[in-house]
Amino acid sequence: MTQRWENLLFVHWSVSPEVMKSYLPTGLELDTYDGKAWISVVSFKVDKVRLRYLPRVPFVRSMFQVNVRTYVKKNGERGVYFFSLETNKFLAVLGARMATLPFFRASIIMKKWKNFFYLRSIRNSMDQKRYKVQYNPIGDKRLLERDGLDFWLLERYILWTYKSNTLYRADIRHKSWKVRDVQVNIKHNSLLSFLPNNAIEHEYYAHYAESKEALIWMIHEAKGEDAEN
């Protein structure tokens, strides 16, 4: 499947590795940078959704997405593990859940005024988890330094999910990230409420990316990586 991602905001917090390990399924190893684990909320618009070599997927021309991920590795390969993904398109939620991804339907809006963005996401569930943020990209685009934290956080090309005691994997391909610095004002964030309050550092680190064309391979069972093994 190919997608175009637009107006991406990455917000990252460092987390206690001991706490984060307890939320991972068997079969995945926590990845750390300078001894710290990280968790991120990534929000963006998804456009031009289509199966490879086919026309756009009907009724899902564009949508918004907000996901919560941490950083893991398996057999030396680095990737991300999703705790949750939210979108405003019901059909996308159904399809993604069939593919083992932990998607939730949410009411999501994104507005732009001059160089300022406002995003609000409210999950359509009993707990109504919320994420409200304003952001303003600043500075010029830049490539990421290979040995830096920026590269470690963003240059990830494998995603793992877990369902019915089994690990699943999908590979992603796109050009290297070019990011800008960004001023962020988080109005509300209950997406990370499953973690203890003292496990997350209050200061966050953020990136903005204008757009990215991505190719996502079909998700499949990670052969030989069953959580029981």
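Refer to the structure presented above.
Residues numbered from 1 in each chain as written. Predicted model: local features only at pLDDT ≥ 70, side-chain atom pairs only at ≥ 80, totals over all residues. Heavy atoms only, no water.

Trainee: What is the right way to read the pattern of salt bridges from this model?
Mentor: Opposite charge on two side chains lets them pair, provided their charged atoms get close. Under the counting rule described, the total for this entry stands at 14 salt bridges. The partner of arginine 4 in a salt bridge is glutamate 213, with the nearest N and O atoms 3.0 Å apart. Of this pair, arginine 4 sits in strand E1 (residues 2-15) while glutamate 213 sits in strand E12 (residues 205-216), placing them 209 residues apart in sequence. Among the residues examined, arginine 4 registers a relative accessible area of 22% and is labelled partly exposed. Arginine 169 serves as the salt-bridge partner of aspartate 171, at 2.9 Å between the closest nitrogen and oxygen. Residues aspartate 171 and arginine 169 agree in their burial class; the two are buried. (Salt bridge = Lys/Arg side-chain N within 4 Å of Asp/Glu carboxyl O. Helix = DSSP H or I, 4+ residues; strand = E, 2+ residues; numbered from the N terminus. Buried < 20%, exposed > 50% of the residue type's maximum accessible area, 1.4 Å probe, protein only.)

Trainee: Any chance you could explain the nonpolar core here in plain terms?
Mentor: Here is a general trend for soluble globular proteins: nonpolar side chains tend to be buried in one another's company. Counting residues in hydrophobic clusters, the biggest one holds 38 residues, and the most contacted among them are Leu9, Met20, Ile39, Val41, Tyr131, Tyr135 and Val184. Filtering out sequence-adjacent residues up to four positions away, valine 184 remains in contact with Leu9, Val11, Val133, Gln134, Tyr135, Tyr204 and Ala206. Counting residues in each nonpolar core, the second largest holds 30 residues, with Trp5, Leu153, Val179 and Ile219 among its members. (Core = buried A, V, L, I, M, F, W, Y, C linked by side-chain atoms within 4.5 Å. Contact = heavy atoms within 4.5 Å.)

Trainee: Whenever I open this one, unusual backbone geometry confuses me. Can you help?
Mentor: Trans peptide bonds make up the majority, and among non-glycine residues the majority have a negative phi. Of note, the phi angle at aspartate 34 is positive, near 50 degrees, even though the residue is not glycine. A positive phi angle, near 50 degrees, is found at serine 164, a position not held by glycine. Position of serine 164 among the secondary structure elements: in the loop between strand E9 (158-163) and strand E10 (166-173).

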